[in-house]
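# Structural description and commentary
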Amino acid sequence: MVNEHKPGWAGKTILHEAQMDSTNEEAKRAGNAGADHGTVYRADVQSAGKGRRGRSWYSHEAGNLYFSILLRPAISPDKASMLTLVMAYAVAGAIREYIGLPAQIKWPNDIVVNDKKVCGILCEMKLDGTRLDYCVAGVGVNVGKQEFAEEIRSMATSLEEQLGGPIDREGLLQAILGRFERGYEEFLHCEDLSFLREEYNEWLANLNRQVRVLEPQGAYEGMSKGITSTGELLVECPDGQVQKVYAGEVSVRGLYGYV
Ligand code: BTN
């Protein structure tokens, strides 16, 4: 394991290994053992990478960026889900600024380039009674050119494929961490997403597109109208009513189909 010290608290210590089971799991073990706020766990490959909703995240090929950051915010647990959007905003901003690709956000936390997914984010939290003990924000970026599995080929791409040239993963990681650190501090100050809302909505792949909201009670469709300052997606239904979507899966027509 190599320790790299960088300026700023986000990623001041980066624990980088060739392989981990999952950087989120590594960060959670470290969180349970009392590791510091801002420590980053990074792996070149993961043997058991995790995606959202219990899915696995294929991460056996080197050339991508897999990391998780351990956070100990003094906020109420019901605000922790906003950290996912803070990270999505940091990743999209870093891809736009550092690489120059027109990254967009598929609410709440996928990053797409030219309507294909280049990054997924998985945030997990641990409670201590009713208090938030820690959060882990895990980020998987498809950086290197690669063959995607048949079932995701039409939906996934990589930054190098989109750019048509090599990308420095270290530089990208630092660009993400720098932006995340600034966003996190603003978020803790106001405890909402008002500081990023306007730009997040500008970068929203779903904006003014037909979406299908999949909720446990059933599915409905409407026009996505952007996020609120607490991170919910506003969806205007055909009857003119505007729903606030807190959870569940939103699929964007033409982007991911209705899956
Ligand atoms: C998703 O889109 O379903 C979220 C994928 C999150 C993948 C990243 S890779 C780094 C971190 N470690 C994990 O096991 N998962 C996240």
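Residues numbered from 1 in each chain as written. Predicted model: local features only at pLDDT ≥ 70, side-chain atom pairs only at ≥ 80, totals over all residues. Heavy atoms only, no water.

## Some thoughts on the site of the ligand
For the ligand, the set of nearby residues contains 20 residues, the closest of which are Ser-22, Gln-46, Lys-50, Arg-52 and Lys-117. Contacts to the ligand include Gln-46, whose side-chain N or O atom sits 2.9 Å from a nitrogen atom. For the ligand, whose unbound accessible area comes to 410 Å², protein coverage reaches 97%. Contributions of two or more residues to the shell around the ligand are made by helix H1 (23-32), strand S4 (65-71), strand S7 (116-128) and strand S8 (131-141). Here the shell around the ligand is built from residues that sort into 6 nonpolar, 10 polar and 4 charged. (Near = heavy atom within 4 Å. Polar contact = N/O pair within 3.5 Å; in protein donor to acceptor, adjacent residues only side chain to side chain. Areas by Shrake-Rupley, 256 points an atom, 1.4 Å probe, with all protein chains shown as cover. Helix = DSSP H or I, 4+ residues; strand = E, 2+ residues; numbered from the N terminus. Nonpolar A, V, L, I, M, F, W, Y, C, P; charged D, E, K, R; others polar.)

## Brief notes about the pattern of salt bridges
Applying the stated criterion to the full structure yields 18 salt bridges. Of the charged contacts, one joins Arg-29 and Glu-26 as a salt bridge, the two residues approaching to 2.8 Å between their closest N and O atoms. Here the residue Arg-29 and the residue Glu-26 both occupy positions in helix H1, the gap between them amounting to 3 residues, near one helical turn. Each member of the salt-bridge network shares a partner with another, and the members are Arg-72, Lys-126, Asp-128, Arg-131 and Asp-133. (Salt bridge = Lys/Arg side-chain N within 4 Å of Asp/Glu carboxyl O.)

## Observations regarding the packing of helix H2 (residues 82-99) against helix H4 (residues 169-190)
Interaxial distance between H2 and H4 falls to 8 Å at its minimum, and their mutual angle equals 135 degrees. Taken together, the axis directions place H2 and H4 in an arrangement best described as oblique. At the point where H2 passes H4, the crossing takes the right-handed sense. Residues Met-82, Leu-83, Val-86, Met-87, Ala-90, Val-91, Gly-93, Ala-94, Ile-95, Glu-97, Tyr-98 and Ile-99 of H2 form the contact with H4, whose own contacting residues are Gly-171, Leu-172, Ala-175, Ile-176, Arg-179, Phe-180, Gly-183, Tyr-184 and Phe-187. Its residues assigned to classes, the contact of H2 with H4 comprises 16 nonpolar, 3 polar and 2 charged. (Axes fitted to C-alpha atoms, helices over the stretch in contact; angles between N-to-C directions. Parallel < 35°, antiparallel > 145°, perpendicular 65-115°, else oblique. Left-handed = near helix turned anticlockwise from the far one by under 90°. Contact = heavy atoms within 4.5 Å.)

## What to know about the domain arrangement of the protein chain
On domain assignment, one finds that the protein chain holds domain 1 (14-202) and domain 2 (210-252). For domain 1 versus domain 2, the separation of C-alpha centres amounts to 23 Å. Counting residues at the interface gives 13 residues for domain 1, matched by 15 residues for domain 2. Interface area, domain 1 with domain 2, both sides summed: about 1100 Å², of which 58% is carbon and sulfur. Remark: the boundary between domain 1 and domain 2 carries 0 salt bridges. In this assembly, domain 1 and domain 2 are joined by 4 residue pairs in polar contact (both at pLDDT 80 or more). A total of 3 residues in the side of domain 1 that touches domain 2 trace back to one element, the largest contributor, which is helix H5 (residues 197-202). Looking at the side of domain 1 that touches domain 2 residue by residue, the class counts come to 6 nonpolar, 2 polar and 5 charged. (Domains from an automatic or database assignment. Buried area = accessible area lost by both parts, 1.4 Å probe.)

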